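Here's the letter readout for the chains.
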Amino acid sequence: MTRRIRSKALACVGMLAAVALGACARHPQSVFRPAGPVARMELGLMATSLWIMIGVFVVVAGALLYVIARFRERKGQEGIPPQVEGSHILEVLWTGIPIILVALLTVLTVRTTFALAKPPASSQHPLQITVVGHQWWWEFKYPQYGIVTADTMHIPVNRKIELSLQSADVLHSFWIPALGGKEDTVPGQTNLLWLEATRTGTFPGQCAEFCGTSHSLMRMYAVSQSPTAFSTWVHGMQHPNSAPKTKLAKQGMQIFATNCALCHSIGGTPFTKGTLGPNLTGLGNRRVIVGGALQNNTQDIIYWVHDAQHIMPDTIMPNFSTLLTPSQLQAVAAYLEGLKRG
Ligand SMILES: [Cu+2]
């Protein structure tokens, strides 16, 4: 083996090892750790298809290698070897087996597709959530409870969730891998999807359809909670504690009223008209903001209000760097951080 071939072979082995080891990392946003029946059914279908294909590959590649070795040209051999064609048994086998396998895959796929398309029965008391994709954040409305929130979808564990998927602007795709596959949100149309989480936890997701400049920042989280914790969250969102508690926060509320209330609503306040931007009820209790692109802390809130276009290019949120002074930004952040659930 020449040195060049050896180094190429080493590079290939290195790359394969990197891919294999990369798969060992614990990524929470993965279809391989399903947390509910929809994701489990989809993973089951994928795994069955994959094992069938691995079987086909092993048989075909094995037969090929055997034939190459067994019938290779040997020393002293001359002329064309005897030509064999038209074996009935072989013809039937390599036509019949693929037909059976494709039929099996078709039956499994159609059965899973129908099972997933069937909405939960009303006797199962599904929780209804309207999901609206926006450039570049997710809005979650709970019509049964009169709640609107953004970025993080709270759901009770072991209860069917019926999602109505809509879009406020362009095509997006709703995807929380641990709970289920992708479903598009289409302007002017409502798509239905059901999910269920069978264990508590926080499951990350993201928009899976290219939707403009800041598509990659359009993330979301599903928080699966015990029924009691979910009821507490619902109650807290329905009766938020939105009154400013400090002088600085009061000042921030005034600034919010003149600069922000046209686009943002806050439960428990007179600010109820703004629907262009995320509803900010209970914002102080959220872990992430800005479509999951920023953490919820004073520094990031100020950074966002000051320079939104830098963080999320082309967002409809304007930069307030020239409109608000640093102390006014501090006041707005104090007001927003003080917005708590009840
Ligand atoms: Cu999107």
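As the structure is a prediction and not an experimental result, all values here were calculated from the model.

1. Observations regarding empty space enclosed by the protein
To locate leftover empty space, one rolls a probe as large as a water molecule over the atoms. Per the counting criterion, the structure on display carries one cavity of 30 Å³ or more. Taken as a whole, the largest cavity holds about 50 Å³ of empty space. Elements that contribute at least two residues to the lining of the largest cavity include exactly strand 3 (147-150), strand 4 (152-156) and helix 4 (227-238). For the lining of the largest cavity, the class distribution of residues is three nonpolar, five polar and two charged.

2. As for the layout of surface pockets
Estimates place the volume of the largest pocket at around 510 Å³. Residue lining of the largest pocket: 31 residues in total, with His-264, Pro-278, Leu-280, Trp-304 and Met-317 positioned closest to the centre. At the level of elements, helix 5 (247-259), helix 6 (298-311) and helix 7 (326-337) are the ones that each hand at least two residues to the lining of the largest pocket. Top contributing element to the lining of the largest pocket by residue count: helix 6, with three residues.

3. So, the domain arrangement of the protein
Interfaces are often described in size by the accessible area the parts lose on coming together. When cut into domains, the protein gives domain 1 (122-238) and domain 2 (247-337). Taking only C-alpha atoms into account, the centre of domain 1 sits 22 Å from that of domain 2. Of the residues lining the interface, 17 residues belong to domain 1; the matching set on domain 2 comes to 18 residues. Summing both sides of the interface, domain 1 and domain 2 together bury roughly 1400 Å²; the carbon and sulfur share of this comes to 55%. The tally of links between domain 1 and domain 2 comes to zero salt bridges. Inspection of the region where domain 1 meets domain 2 yields six residue pairs in polar contact (both at pLDDT 80 or more). Contributing elements (two or more residues each) for the side of domain 1 that touches domain 2: strand 3 and strand 10 (219-225). In terms of residue class, the side of domain 1 that touches domain 2 is built from nine nonpolar, six polar and two charged.

4. Some details on the sheet that holds strand 5 (residues 161-167)
Read across the sheet, five strands follow the order 3-2-1-5-8 without closing on themselves; strand pairing throughout is mixed. Two strands lie at the open edges of the sheet, namely strand 3 and strand 8 (191-195), each paired on one side alone. Recorded for the sheet is a direction-independent mean angle of 25° between the axes of neighbouring strands. In this sheet, strand 2 (residues 137-142) lies alongside strand 1 (residues 127-134) in antiparallel orientation, the contact comprising five bridges.

5. Topic: the coordination of the copper ion
The copper ion binds to the protein through His-172 (ND1), Cys-207 (SG), Cys-211 (SG) and Met-218 (SD), with metal-donor distances spanning 2.1 to 2.6 Å. Classification of the site at the copper ion rests on its four donor atoms, whose angles at the metal span 91 to 127°, yielding the label tetrahedral. Sequence spacing of the donor residues for the copper ion, all on one chain, is H-x34-C-x3-C-x6-M. Separated by 39 residues along the polypeptide, His-172 in strand 6 (residues 172-176) and Cys-211 in the loop between strand 9 (201-206) and strand 10 bring together distant segments of the chain. A residue is classified by how much of its surface remains accessible, and His-172, at 0% relative accessible area, is buried. According to the relative accessible area criterion, Cys-211 is buried, its value standing at 4%.

6. What about the packing of helix 5 against helix 7?
Their axes nearest at 7 Å, the elements helix 5 and helix 7 cross at an angle of 100°. Comparing their axes, helix 7 and helix 5 come out roughly perpendicular. Between helix 5, through Leu-248, Ala-249, Gln-251, Gly-252, Met-253, Ile-255 and Phe-256, and helix 7, the contact on the second element is made entirely by Gln-328, Gln-330, Ala-331, Val-332, Ala-334, Tyr-335 and Leu-336. Tallied by class, the residues present in the contact of helix 5 with helix 7 amount to 10 nonpolar, four polar and no charged.

7. A word on the nonpolar core
Ile-129, Met-153, Leu-163 and Phe-174 are the most contacted members of the largest nonpolar core, which has 62 residues in total. Counting only domains with at least three residues in this core, you end up with domain 1 (122-238) and domain 2 (247-337). Discounting chain neighbours no more than four positions away, the residues touching Leu-163 are Ile-129, Val-131, Met-153, Phe-174, Asn-191, Leu-192, Leu-193 and Leu-195.

8. A closer look at the packing of aromatic side chains
Taken as a whole and assessed by the stated rule, the structure comprises six aromatic pairs. With centroids separated by 5.1 Å and ring planes inclined at 50°, the aromatic side chains of Phe-256 and Phe-271 adopt a geometry described as tilted. Taken as a pair, Phe-256 in helix 5 and Phe-271 in the loop between helix 5 and strand 11 (288-289) lie far apart in primary sequence, 15 residues in all. An identical accessibility class is assigned to Phe-256 and Phe-271; each is buried. Taken together through their ring pairs, the aromatic side chains of Tyr-142, Tyr-145, Phe-230 and Trp-233 make up a single cluster. Taking the ring centre of Trp-175 as reference, the NZ or CZ of Lys-182 above it sits at 4.5 Å. The side chain of Arg-287 reaches across the aromatic face of Tyr-221, ending 4.7 Å from its centre.

Parameters at a glance
Residues numbered from 1 in each chain as written. Predicted model: local features only at pLDDT ≥ 70, side-chain atom pairs only at ≥ 80, totals over all residues. Heavy atoms only, no water. 1 Å grid on protein atoms, 1.4 Å probe; cavity = no way out; pocket = protein on both sides within 12 Å on 5 of 7 lines; lining within 4 Å. Points joined across faces, edges and corners; volume = space filled by probe spheres on them. Helix = DSSP H or I, 4+ residues; strand = E, 2+ residues; numbered from the N terminus. Nonpolar A, V, L, I, M, F, W, Y, C, P; charged D, E, K, R; others polar. Domains from an automatic or database assignment. Contact = heavy atoms within 4.5 Å. Buried area = accessible area lost by both parts, 1.4 Å probe. Salt bridge = Lys/Arg side-chain N within 4 Å of Asp/Glu carboxyl O. Polar contact = N/O pair within 3.5 Å; in protein donor to acceptor, adjacent residues only side chain to side chain. Pairing = 2+ DSSP bridges. Axes fitted to C-alpha atoms, helices over the stretch in contact; angles between N-to-C directions. Donors = N, O, S within 2.8 Å, 3.2 Å for Na, K, Ca; no water. Tetrahedral: all angles 85-135°; square planar, octahedral: opposite > 155°, others 65-115°. Buried < 20%, exposed > 50% of the residue type's maximum accessible area, 1.4 Å probe, protein only. Parallel < 35°, antiparallel > 145°, perpendicular 65-115°, else oblique. Core = buried A, V, L, I, M, F, W, Y, C linked by side-chain atoms within 4.5 Å. Phe/Tyr/Trp six-rings, centres within 6.5 Å; stacked < 30°, edge-to-face > 60°. Lys NZ or Arg CZ within 6 Å of the ring centre and 35° of its normal.

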